[in-house]
Every structure is written in C-alpha cells, then in structure tokens.
Amino acid sequence: MTLEEFKRDILRLQPRLQRTAELIVGDPDSASDAVQETVIALWEQHATTKGSEALEKLSLTIVKRRCIDLLRKRQPLQPIDEASLMTTEPPKDDLEERYQLARQLVDRLPKRQRDAILMKYEQRMSNAEIEQATGMSSTHLYATLSRAYKALRNAIEKLKIE
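The following refers to the structure shown. Keep in mind it's a predicted model, so treat the numbers as computed, not measured.

## Comments concerning the packing of aromatic side chains
Next up, step 1: Here the structure, examined in full by the defined rule, presents 2 aromatic pairs.
Next up, step 2: Their ring planes at 65° and their centres at 6.5 Å tell us that Y121 and Y149 sit as a pair that is edge-to-face. Pair noted here: Y121 is in helix α6 (residues 111-121) and Y149 is in helix α8 (residues 138-161), with a separation of 28 residues, a long-range link.
Next up, step 3: Take Y121: its relative accessible area is 44%, and that puts it in the partly exposed class.
Next up, step 4: For Y149, a relative accessible area of 27% puts it in the partly exposed group.

See the structure below:
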C-alpha cells in the first residue's frame, strides 16, 4: 500500500474509528487516544497491508483492542467482557448513508444528465472524455451538468424541508 493510498484510506476510516472507540470507552478524549495509537500501529504495518478492505478490518480490530487496554488501565479490578466488546459493531458510516441518498437522487435525473454525472464522479472521466463518449460538445456538456447540479440542489433542498 502506497503512502497516498494509506492517507486516503485512513482519512476515510478515522471518523468511524472514533465513533467505535467512543462507543466502547465512553469518552471522546480517550477514544481519540485509542484512534491515534491505532493509526500509528497501522502505519507501521502499511507496507504489508493489502488493500482498503484489509486496512478497514485491521483498523477496527486494533482500535477495539486499544480501547480494551484503556479500560483495563482505568479499572484493573473490574472484569471486562472482552468478547462482547470485540463484537461491538461500529456505528453505520454517515458517508455511506449520504452516498446512497446522493445516488438515489442522481438516479432520478434525466438519462443524459444522470450519465454525465456518473461518468464525471463515479468513473472519474474528464470533461473531454465525457464529450468524446457521449458525442456532446463542451457547451452542451456544460449545460447538461449545470442542469443536473441545479436539479440535485433542488432535490436536496426539498429533503431538508420535509
């Protein structure tokens, strides 16, 4: 895993790790300490980690173990149910929920607008590549994307009102 891949993935995972740690230790400051220690441990292993999914699983395991260690330091005489803490599911990722909502809104767009948005943001195509793939001129693509953005903004505003 390269440095850039590691940075991208760890920034994406950090809020989830923080919420998981807070769920276990009940204290945002202690949770932040556990997450920071987790990131350091992950960095030490980043060269041998294979892909984002492996990093995510490893990070959740490490942060849970760090939290258990913190709980033991706080209350060494009180028994800790390590098995149930290790099976604690992290809260659902807000980013995933927002992505699913955004994708539903994009799916409601007219075909040409939907295709242009998906090519640009999911397939990461440049405007020139989209123009070539769709046969649109640059002016037509600009107008299509502008209409799509406006429709998405209006749909989001409607959701806020409801």
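## Overview of the pattern of salt bridges
Next up, step 1: In total, this model carries 9 salt bridges according to the counting rule given.
Next up, step 2: The partner of E37 in a salt bridge is R66, and the shortest N-O contact between them spans 3.8 Å. Of this pair, E37 sits in helix α2 (residues 28-45) while R66 is found in helix α3 (residues 51-74), placing the two residues 29 residues apart along the sequence.
Next up, step 3: Taking the relative accessible area as the measure of exposure, E37 reaches 37% and is therefore partly exposed.
Next up, step 4: On the accessibility criterion, R66 (27% relative accessible area) is partly exposed.
Next up, step 5: Ionic pairing is found between K57 and E53, a salt bridge with its closest N-O pair at 3.3 Å. Placement of both K57 and E53 in helix α3 is noted, with a separation of 4 residues, approximately one turn of the helix.
Next up, step 6: According to the relative accessible area criterion, E53 is exposed, its value standing at 55%.

## Some remarks on the nonpolar core
Next up, step 1: The biggest cluster of nonpolar side chains holds 19 residues, and the ones touching the most others in it are L17, A21, V25, L42, V63 and C67.
Next up, step 2: Sorting the residues of this core by element identifies α1 (3-25), α2 and α3 as the ones contributing at least two each.
Next up, step 3: Excluding residues within four positions of it along the chain, V63 makes contact with L17, T20, A21, A34, V35 and T38.
Next up, step 4: A116, L118, M125 and L141 belong to the second largest nonpolar core, which has 14 residues in total.

Calculation notes
Residues numbered from 1 in each chain as written. Predicted model: local features only at pLDDT ≥ 70, side-chain atom pairs only at ≥ 80, totals over all residues. Heavy atoms only, no water. Phe/Tyr/Trp six-rings, centres within 6.5 Å; stacked < 30°, edge-to-face > 60°. Helix = DSSP H or I, 4+ residues; strand = E, 2+ residues; numbered from the N terminus. Buried < 20%, exposed > 50% of the residue type's maximum accessible area, 1.4 Å probe, protein only. Salt bridge = Lys/Arg side-chain N within 4 Å of Asp/Glu carboxyl O. Core = buried A, V, L, I, M, F, W, Y, C linked by side-chain atoms within 4.5 Å. Contact = heavy atoms within 4.5 Å.

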